[in-house]
Amino acid sequence: MHSASGHIGSRRSRSRRVDVAVVGGGVVGAACALALARLELDVVLVEAAEPSAWSAASPDLRVYAFAPDNAALLDTLGVWPQVRAARVQPYRHMRVWDAAGGGELHFDADALGRRELGWIVEHGLLVDRLWAALPQAGVDVRAPLRVEGLEQDGEGAENAGVTLRFDDGSRLEARLAIAADGADSMLRKLAGAEVAAHDYAQRGVVAFVETDLPHEDTAWQRFLPGGPLAFLPFVGGQSSIVWTLPQGQAAEVLAFDDAAFSQALTRAFDARLGQVRPASRRVAFPLRRQLVDRYVAGRVLVIGDAAHVVHPLAGQGVNLGLRDVAGLRDAVAAALARNADWSSPSRLARWARTRKSENAVAAWTFDGINRVFSSDGMHRTLLRGQLLGLAGKLPPVTAALWRRAARL
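Please read all numbers here as calculations on a predicted model, not as lab measurements. (Residues numbered from 1 in each chain as written. Predicted model: local features only at pLDDT ≥ 70, side-chain atom pairs only at ≥ 80, totals over all residues. Heavy atoms only, no water.)

1. Thoughts on helix H7 (residues 258–268)
Within an α-helix, residues lying three or four positions from one another point in the same direction, as the helix has 3.6 residues per turn. Where we set the bar: Partly exposed describes any residue whose relative accessible area lies between the buried limit of under 20% and the exposed limit of over 50%, with all areas from a 1.4 Å probe on protein chains only and scaled to the type maximum. The way it works is that DSSP assigns letters per residue, a run of H or I at least four long becomes a helix, a run of E at least two long becomes a strand, and they are numbered from the N terminus. Here a residue-residue contact requires only that any non-hydrogen atoms of the pair lie within 4.5 Å.
For H7, the full list of buried residues reads Phe261, Ser262, Ala264, Leu265, Thr266 and Ala268. Of the surrounding secondary structure, the elements contacted by the buried residues of H7 are strand E12 (195–211), strand E13 (218–224), strand E14 (227–233), strand E15 (239–246), helix H6 (247–255) and strand E16 (276–278). Asp270 occupies a position one or two residues after H7 and carries a positive phi of about 60 degrees.

Here's what the structure looks like:
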């Protein structure tokens, strides 16, 4: 599906000044390049490492709880049907409870008037299908290629823009550059945007598991003193787990043999689905909260993980990044429809204010939930189960919580 090596997809002269240079070809960067190209902008996508082709035979441990609004975005880009045809797992319920007791919060698709609440989708599959759509949309893909330098024209200049310099000595001029190159974004650093970061001193252990009982198309989440444990339904009756643990405990869990891991995980999940057995290797990743100080730095926009990293508690990271894309796509489309300047500083500033506000609210909300539910202090322990139970007994509250999370 992708070329094996070298720069790919370039069908035009490299000396031209393009409309948009998107740096970073993950889910958010590729979706952004595709969305802007569908608006007939001249788009180049730069990626440091061309992604491996997705294979159904080897599931990607990195999965997302994909929200309906983002499925709709990919549908407008012509990608979602290809993703669904390959492999997605709908989830129709979500159950949240606390190890300390109290009630349970239950989201139900039928009660919310939906066929499903969302889908569990592999990262590698999303990237694969997005990249497959890029050439047809006219995106000039250049990979592998790394950004090493950035020059910005004066903001007041009539033809304000950027010049990117790459590790192979080539250069690219663009009206706008978009940093979508991840939490440690090089383009963000070159643009001078700063981040405020907080290390949770936790790691997320991920793996696929099998269970004695069926997952019931349900996303399960149990809050434990060390952090939340999520079981996400996957195809073939398996579940994808994300087990948030203090760093020391995470290292111990990674070192367990299969029998010890099975026993510890079954106990941590309160045997809700019976005995749990590992069905894949286990890996862990460090958890942090990270927010950029500005989403527009001259003619550079910052989106996705380059702009915001949140706790994986609700599997919302990629959803927030794709909402950055949807907001930018809508702003550009509205300008093009009126023959206005789609890249004007005031227009970009409005987009930035909205996204910075929404993403900060999400990040701090997940942060607060993690703090409250990962504490073994008596007062918080007594309160949190009751809060879940109360919310679960008030259908309007449950519906409002879900619709906010799903952007419905």
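2. Topic: the packing of helix H1 (residues 27–38) against helix H4 (residues 123–133)
What counts here: To get an axis, a line is fitted to the C-alpha atoms, and for a helix only the part in contact is used. The angle between two axes follows their N-to-C directions and goes from 0 to 180 degrees. What sets the label is the angle itself: under 35 degrees gives roughly parallel, over 145 gives roughly antiparallel, 65 to 115 gives roughly perpendicular, and the rest give oblique. Each helix crossing is assigned a hand: it is left-handed if the near helix lies turned anticlockwise from the far helix by less than a right angle, otherwise right-handed if that turn is clockwise. Residues are grouped as follows: Ala, Val, Leu, Ile, Met, Phe, Trp, Tyr, Cys and Pro are nonpolar; Asp, Glu, Lys and Arg are charged; every other residue, Gly included, is polar.
Interhelical geometry of H1 versus H4 gives an angle of 25 degrees and a closest axis separation of 9 Å. By the angle between their directions, the pair H1 and H4 is classed as roughly parallel. Considering how the two elements wind past one another, H1 and H4 form a crossing that is left-handed. Between H1 and H4, the contacting residues are Val27, Ala30, Ala31, Leu34 and Arg38 on the first element and His123, Leu126, Val127, Leu130, Trp131 and Ala133 on the second. The class makeup of the residues in the contact of H1 with H4 is 9 nonpolar, 1 polar and 1 charged.

3. Some words on the environment of Arg222
Note the threshold: For the purposes of these results, a polar contact is taken to be a pair of N or O atoms within 3.5 Å, where, inside protein, one atom must be able to donate a hydrogen and its partner to accept one; residues adjacent in sequence count only when each atom of the pair is a side-chain atom.
Structurally, the position occupied by Arg222 is in strand E13. Residue classification places Arg222 among the buried residues on the basis of a relative accessible area of 10%. Taking the C-alpha atoms as reference points, Arg222 and Arg272, separated by 50 residues in sequence, lie 9.9 Å from one another. In contact with Arg222, not counting residues within four places along its chain, are Trp97, Ala99, Gly227, Pro228, Leu229, Arg267, Ala268, Phe269 and Asp270. A distance of 2.7 Å separates the side chain of Arg222 from the backbone oxygen of Ala268, its partner in a polar contact.

4. Some words on the packing of aromatic side chains
Selection criterion: The pairing test for Phe, Tyr and Trp rings, Trp by its six-membered ring, is centres within 6.5 Å, and the orientation test on the planes gives stacked under 30 degrees, edge-to-face over 60, and tilted for anything in between. Charge over a ring is defined by NZ of Lys or CZ of Arg lying within 6 Å of the ring centre and within 35 degrees of the ring normal.
Tallied over the entire structure, the rule returns 8 aromatic pairs. Judged by centre distance (4.7 Å) and plane angle (40 degrees), the ring pair of Phe208 and Phe234 falls under tilted. One end of the pair, Phe208, is in strand E12; the other, Phe234, is in the loop between E14 and E15, and 26 residues separate them in sequence. For the pair formed by Phe208 and Phe234, the shared burial category is buried. Judged by centre distance (6.4 Å) and plane angle (85 degrees), the rings of Trp220 and Phe269 are edge-to-face. Highlighted residues: Trp220 in strand E13 and Phe269 in the loop between H7 and E16, separated in sequence by 49 residues. Taking the relative accessible area as the measure of exposure, Phe269 reaches 0% and is therefore buried. Site record: aromatic cluster; members linked through ring pairs are Trp97, Trp220, Phe231 and Phe269. Here Arg282 stacks its cationic end above the ring of Phe261, 4.1 Å away from the centre of that ring.

5. What about the confidence of the model for the chain?
The condition that has to hold: Confidence per residue, as judged by the predictor, is encoded in pLDDT with a range of 0 to 100.
Counting all residues, the mean pLDDT for the chain is 88, and 84% of those residues have values of 70 or more. In the predicted structure, residues 1–14 sits below a pLDDT of 50 and forms 39 contacts with residues beyond four places in sequence or in another chain. Predicted confidence is poor over residues 377–394, with pLDDT under 50, and the contacts of this stretch with residues over four places away or in other chains come to 32 contacts.

6. A closer look at the layout of surface pockets
We apply this condition: Lining residues are those with an atom within 4 Å of a point, where the points come from a 1 Å grid over the protein atoms alone and group into cavities, where a 1.4 Å probe fits but cannot get out, or pockets, open sets with protein on both sides within 12 Å along at least five of seven lines. Grid points are joined across faces, edges and corners, and a volume is the space filled by probe spheres set on the points.
The calculated volume of the second largest pocket comes to roughly 200 Å³. Residue lining of the second largest pocket: Trp243, Leu245, Gln249, Glu252, Val253, Phe256, Ala260, Gln263, Ala264, Arg267 and Ala268, and that is the complete set. At the level of elements, E15, H6 and H7 are the ones that each hand at least two residues to the lining of the second largest pocket. Looking at the lining of the second largest pocket, the element that brings in the most residues is H7, giving 5 residues. Its residues placed into classes, the lining of the second largest pocket shows 7 nonpolar, 2 polar and 2 charged.

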